[in-house]
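Residue-level structure breakdown
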Amino acid sequence: MQTHEAMDLAAAAGLQLVEVNPKANPPVCKIMDYGKYKYETAKRERETKKNQKTLELKEVKFRPKTHGHDFEFKLRHVRRFIDDGDKVKLVVQFRGREVIHPETGRDILEQVVKGVTDMAIVIQPTQMEGNRMNMVLAPKPGRVPKPRPVAVPKPPRDASKPRAPGEVEAPATDDDDLPPLEDLDDDDDDDLDDDDLDDEDADDEDDAADA
């Protein structure tokens, strides 16, 4: 069909002639409602982005002397990030002369890798950057990330609903609106300044000398 014939058909139907495959020979065109087509295409793209999870790069820091409870605590954080579908950057921070023993940092990273071998893979091997040793982990391919709980906002109180007996709404207060605290003691101990303390020390020394 000639182009002008197709355009006439589209105009008669109140639609548009849209080229859907320009690389074909001859090019492939389709008579359609172009505005509706663009709307549906944008809607599908939004749905696709909505279902896609944005990967985040989390960072967990260790020290060459991180062992025992501290190590287990940080390892649980690494596993939680991986379980959420995020990448994790492991960092071993050296201080001073610790940097001359990089094997201590590699041992820490190897222990972490062993602790997450069931759920993560290494996508960036160990490398030194100044006094920091880095490694990047990522969830294993095909692993479904754990769904995150969605916070449900608390509904506002219905103003038309009567309050319970004795229930009152606490007014919002500001610290600047509070009255100053009163000194309930009759003595002046709370009002002593540095000069008063020096005078008392001097009096104590004089009493000791007289004795």
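Every chain begins its residue count from 1, and numbering advances along the sequence as written. Selection of residues for local features in this predicted model requires a pLDDT of at least 70, selection of side-chain atom pairs for listing and counting requires 80 or more, and totals for whole chains, interfaces and linings are taken over all residues. Neither water nor hydrogens contribute to the side-chain values; these are computed over all heavy atoms in the structure.

Before going further, it helps to examine the packing of helix H3 (residues 68–83) against helix H4 (residues 102–115). Think of two packed helices as two axes; the pair is described by the angle between the axes and how far apart they sit. Look at H3 against H4: their axes get within 10 Å of each other, and the N-to-C directions meet at 50 degrees. For the element pair H3 / H4, the angle class is oblique. Crossing handedness for the pair H3 and H4: right-handed. Facing H3, whose interface residues are Phe71, Leu75, Val78 and Arg79, H4 presents Ile108, Gln111, Val112 and Gly115. Working convention: axes come from line fits to C-alpha atoms, limited for helices to the stretch in contact. Angles between N-to-C directions cover 0 to 180 degrees. In this description a helix means any DSSP run of H or I spanning at least four residues, a strand means any run of E spanning at least two, and both kinds are numbered starting from the N terminus. Every angle not falling under 35 degrees, over 145, or within 65 to 115 is termed oblique; those three ranges are roughly parallel, roughly antiparallel and roughly perpendicular. Note on convention: near helix rotated counterclockwise from far helix by under a right angle means a left-handed crossing. Clockwise means right-handed. Any pair of residues with heavy atoms lying within 4.5 Å of one another is described as a contacting pair.

Glancing now at unusual backbone geometry. Cis geometry marks the peptide bond from Asn25 to Pro26, where omega comes out at 0 degrees. Checked against the element boundaries, Pro26 lands in the loop between strand S1 (16–21) and strand S2 (28–32).

Pairs of strands are assigned from DSSP output, requiring at least two bridges between the strands. In spatial order, the strands read S3-S4-S6-S5; together these four strands make up an open sheet with mixed pairing. Bordering the open sheet on either side are strand S3 (57–62) and strand S5 (120–129), each of which pairs with just one other strand. Averaged over all pairs of adjacent strands, the angle between strand axes in this sheet comes to 20 degrees, irrespective of strand direction. Alignment of S3 against strand S4 (residues 87–93), held across six bridges, turns out to be parallel. By the bridge assignment for S4, Phe62 is matched with Val92. Its contacts with the sheet place H3 against S3, S4, S5 and strand S6 (132–139), and it is angled at close to 170 degrees to S3. Sheet strands touched by H4: S3, S4, S5 and S6. Its angle to S6, the strand with the most contacts, is close to 15 degrees.

Before going further, it helps to spend a moment on the pattern of salt bridges. Definition used for salt bridges: Asp or Glu carboxyl oxygen within 4 Å of a side-chain nitrogen of Lys or Arg. Considering all chains together, one arrives at three salt bridges under this definition. One salt bridge in this structure joins Arg79 and Asp118, with 3.0 Å as the shortest N-O distance. Taken together, the residues span a long stretch of sequence, with Arg79 in helix H3 and Asp118 in the loop between H4 and S5 at a distance of 39 residues. A simple rule labels every residue: compare its accessible area, found with a 1.4 Å probe on the protein chains alone, to the largest value its type can have, and call it buried under 20%, exposed over 50%, or partly exposed in between. Judged by its relative accessible area of 45%, Asp118 falls in the partly exposed class.

With that settled, the discussion passes to the nonpolar core. Think of a nonpolar core as a cluster: buried Ala, Val, Leu, Ile, Met, Phe, Trp, Tyr and Cys residues, connected wherever their side-chain atoms sit within 4.5 Å. Counting residues in hydrophobic clusters, the biggest one holds 20 residues, and the most contacted among them are Phe62, Val78, Leu90, Val112 and Leu137. For this core, the elements supplying multiple residues, two or more each, are S3, H3, S4, H4 and S6. The leading source of residues in this core is H3, at five residues. Excluding its chain neighbours within four sequence positions, the residues that come into contact with Phe62 are Phe71, Lys74, Leu90, Val91, Val92, Gln93, Ile108 and Val112.

The subject of this paragraph is the confidence of the model for the protein chain. Averaged over the protein chain, the pLDDT score is 77; the fraction of residues at 70 or greater is 65%. Averaged over each element, pLDDT in the protein chain is lowest for helix H5 (residues 194–210) (49) and highest for S4 (95). Confidence scores per residue from the predictor, reported as pLDDT, run from 0 to 100. A low-confidence stretch, residues 183–192 stays under pLDDT 50, and its non-local contacts, those more than four residues away or across chains, total six contacts.

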